[in-house]
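Summary of the model geometry
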Amino acid sequence: MIANKTPTRINPILKARTKSQVAYIEASEVLQETMVAAILGEKEKVVEKATFHLNRSRKYHFNKIALGLAGFLQAYYYNEAHDKVKGNKYLKIRRKYHELTFIEDLIDTKYWELSYKLNSSRNPSNELINELRDTCSNFSKYLKLESSPIKIRIYVLLINLAYLDQDYEKISKLCWEVINWLEDKEFAFFAGFYNYLVPALIVQNKYLEAKQAILKALNNVNKNSNNWSIFTYFHFILEIHNQNYQEAYKIFQAANQRQTINRFLREQWLIVRGYIKFLQRQNQIDATDQFKLDKLFKNLPLSSSDKEGNNINIIILSILLNLKRNRGQIIDKIEAIKKYLQRYLKGNPRARIFIKMLLTLPKYNFIAEVIEFRNQDLWKQLQKNSIKVVGMSEV
């Protein structure tokens, strides 16, 4: 009987939820057993286990584990069992996985090199974009290989390229392709691809599809994780886009009950709180939030230092909150905001246009009808400029 009933010793913190997770943990343990058995000269005791978990590792594309188990079985059948036919069989399998893991390492190295370069620049150079484009073109031929690490890495690179090309339809298409493939293979839930997918759908105004993806993600992530906070934020943004302000407030309240340890996410929800206050003042929501705004702006060090990103939200929020109660403060900041536009927002035309629209408020004496009329050209420009960055601060 094949030894496939081995009790699995799983750390409760790493408790597996899918067949692929269970298979990976069990196969890793058996690979360790084969190493110990080889040292002790007791290979025969674990041959059946090794055979079973080799086949399962091949099914789930655990190629490095498959390489190790195939090497063990090759050595056993050549040296202990003296079965040349089976020895040749596992030699052939070992060669296949040796080549696969070599390609995996090659792609993994290039992937992390590009990831570092891309994450180090909010506005990547044309040279870097061309390097990414060439890499995607060269690596695409490897998508047909039986390797989940290869497929996942290449899809992430392709999605990043589509993001830089501002092709949000392609982003959602690529995300669904890899998500469906992962589900077919019964792999663990990959929140990362939903992190790409949801903002892309919102930008395309595909709100129903975005909500379905958000709810699916929330159903699959730990409620105490950063991912839960991220997808709850996306849910909040989605309801704002749908003008369901009261529903958005309920989502904010749910998020507010769970304090994330991630400083960036904490600040993101503080900024949301400011927009809640604005909606409350506009009588758009029935809220009981009594948060003091001066406290809000003092607790945003990370966002305030992100001059080309999240600090834009703070500037816009500051203008909106002073519309009715302290218009003089908006007027006092006009020159400073103009300099800010020139210095930090050259690569973000959409943010530049929107803030320019807000700067016309004092120019036309805060009269809504006049402002709307005078900003028609800017409004058209805003619609023509698609959102350049898909992420938490830009959606």
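Residues numbered from 1 in each chain as written. Predicted model: local features only at pLDDT ≥ 70, side-chain atom pairs only at ≥ 80, totals over all residues. Heavy atoms only, no water.

Right, let's talk about the confidence of the model for the protein chain for a bit. Looking at the protein chain, the pLDDT average stands at 84 and 86% of residues meet or exceed 70. Throughout residues 1-16 the model reports pLDDT below 50, and contacts reaching past four residues in sequence, or to other chains, amount to 21 contacts. Within the model, the stretch residues 388-395 combines pLDDT values under 50 with 31 contacts to residues more than four positions away or in other chains. (pLDDT = per-residue confidence, 0-100. Contact = heavy atoms within 4.5 Å.)

Here helix α3 (residues 63-80) contains 18 residues, and its C-alpha end-to-end distance of 25 Å stays within 8% of the 26 Å for a straight helix at 1.5 Å per residue. Lining the buried residues of α3 we find α1 (19-40), α2 (47-59) and α4 (84-119). Trailing α3 by a residue or two, histidine 82 shows a phi angle of about 50°, which is positive. (Helix = DSSP H or I, 4+ residues; strand = E, 2+ residues; numbered from the N terminus. Expected span 1.5 Å × (residues − 1).)

Membership of the largest hydrophobic core comes to 92 residues, with the highest contact counts inside it found for Leu73, Ile154, Ile171, Phe193, Phe231 and Phe236. Here this core takes eleven residues from helix α6 (residues 148-164), the largest share from any one element. Here leucine 73 is in contact with Val47, Ala50, Thr51, Leu54 and Tyr90, once residues within four sequence places are set aside. In terms of nonpolar packing, the next biggest core, distinct from the first, is built from 28 residues, Leu270, Ile312, Leu341 and Ala351 among them. (Core = buried A, V, L, I, M, F, W, Y, C linked by side-chain atoms within 4.5 Å. Buried < 20%, exposed > 50% of the residue type's maximum accessible area, 1.4 Å probe, protein only.)

One way to put it is that α1 packs onto α2 with a least axis distance of 10 Å and a crossing angle of 140°. By the angle class used here, α1 and α2 are oblique. At the point where α1 passes α2, the crossing takes the left-handed sense. Residue-level contacts link Val22, Ala23, Glu26, Ala27, Val30, Glu33 and Thr34 of α1 to Lys49, Ala50, His53, Arg56 and Ser57 of α2. Class assignment for the residues of the contact of α1 with α2 results in five nonpolar, three polar and four charged. (Axes fitted to C-alpha atoms, helices over the stretch in contact; angles between N-to-C directions. Parallel < 35°, antiparallel > 145°, perpendicular 65-115°, else oblique. Left-handed = near helix turned anticlockwise from the far one by under 90°. Nonpolar A, V, L, I, M, F, W, Y, C, P; charged D, E, K, R; others polar.)

Before going further, it helps to spend a moment on the environment of glutamate 186. Structurally, glutamate 186 is set in the loop between α7 (168-184) and α8 (191-203). For glutamate 186, the contacting residues outside a window of four places in its chain are Thr18, Lys19, Ser20, Lys59 and Tyr60.

What follows concerns the pattern of salt bridges. Counted by the stated rule, this structure contains 15 salt bridges. We note a salt bridge from lysine 110 to glutamate 131, for which the minimum N-O separation is 2.7 Å. With a gap of 21 residues between them, lysine 110 in helix α4 and glutamate 131 in helix α5 (residues 126-139) connect regions that are remote in the sequence. In this structure, glutamate 183 and lysine 216 form a salt bridge, with 2.3 Å as the shortest nitrogen-oxygen distance. Note that glutamate 183 is positioned in helix α7 and lysine 216 in helix α9 (residues 207-220), a separation of 33 residues in sequence. Overall, the relative accessible area of 36% leaves glutamate 183 in the partly exposed class. Each of the salt bridges in this network shares a partner with another, and the network as a whole consists of Lys110, Glu113, Lys117 and Glu131. (Salt bridge = Lys/Arg side-chain N within 4 Å of Asp/Glu carboxyl O.)

Right, let's talk about the packing of aromatic side chains for a bit. Here the structure, examined in full by the defined rule, presents 16 aromatic pairs. A centroid spacing of 5.1 Å and a plane angle of 85° characterise the contact between tyrosine 24 and phenylalanine 62, whose relative ring orientation is edge-to-face. Separated by 38 residues along the polypeptide, tyrosine 24 in helix α1 and phenylalanine 62 in the loop between α2 and α3 bring together distant segments of the chain. Assessed through its relative accessible area of 10%, phenylalanine 62 is described here as buried. Considering the side-chain rings of phenylalanine 236 and tryptophan 269, the 6.3 Å spacing of their centres and the 70° angle between planes classify their relative orientation as edge-to-face. Here tryptophan 269 lies in helix α12 (residues 263-281) and phenylalanine 236 lies in helix α10 (residues 226-241), a separation of 33 residues in the sequence. Each member of the pair phenylalanine 236 and tryptophan 269 is classed as buried. Ring pairing ties together the aromatic residues Phe231, Tyr233, Phe234, Phe236, Tyr249, Phe252 and Trp269, which thus form one cluster. The ring of tryptophan 181 carries lysine 151 above its face, with NZ or CZ at 5.0 Å from the centroid. Cation over ring: arginine 153 sits above tyrosine 111, and NZ or CZ is 4.5 Å from the ring centre. (Phe/Tyr/Trp six-rings, centres within 6.5 Å; stacked < 30°, edge-to-face > 60°. Lys NZ or Arg CZ within 6 Å of the ring centre and 35° of its normal.)

Residues Val36, Ile39 and Leu40 make up a contiguous nonpolar surface patch of roughly 330 Å² in combined accessible area. For isoleucine 39, the location among the structural elements is in helix α1. According to the relative accessible area criterion, isoleucine 39 is exposed, its value standing at 72%. (Patch = residues over 30% accessible without salt bridge, like charges linked within 9 Å, V, L, I, M, F, W, Y side chains within 5 Å. Areas by Shrake-Rupley, 256 points an atom, 1.4 Å probe, with all protein chains shown as cover.)

This next bit is on the environment of leucine 132. Here leucine 132 is to be found in helix α5. Once the C-alpha coordinates of leucine 132 and serine 115 are considered, the two residues, 17 residues apart in sequence, prove to be 9.7 Å apart. Contact partners of leucine 132, with chain neighbours within four places excluded, come to Leu114, Leu118, Leu157, Asn160, Leu161 and Leu164.

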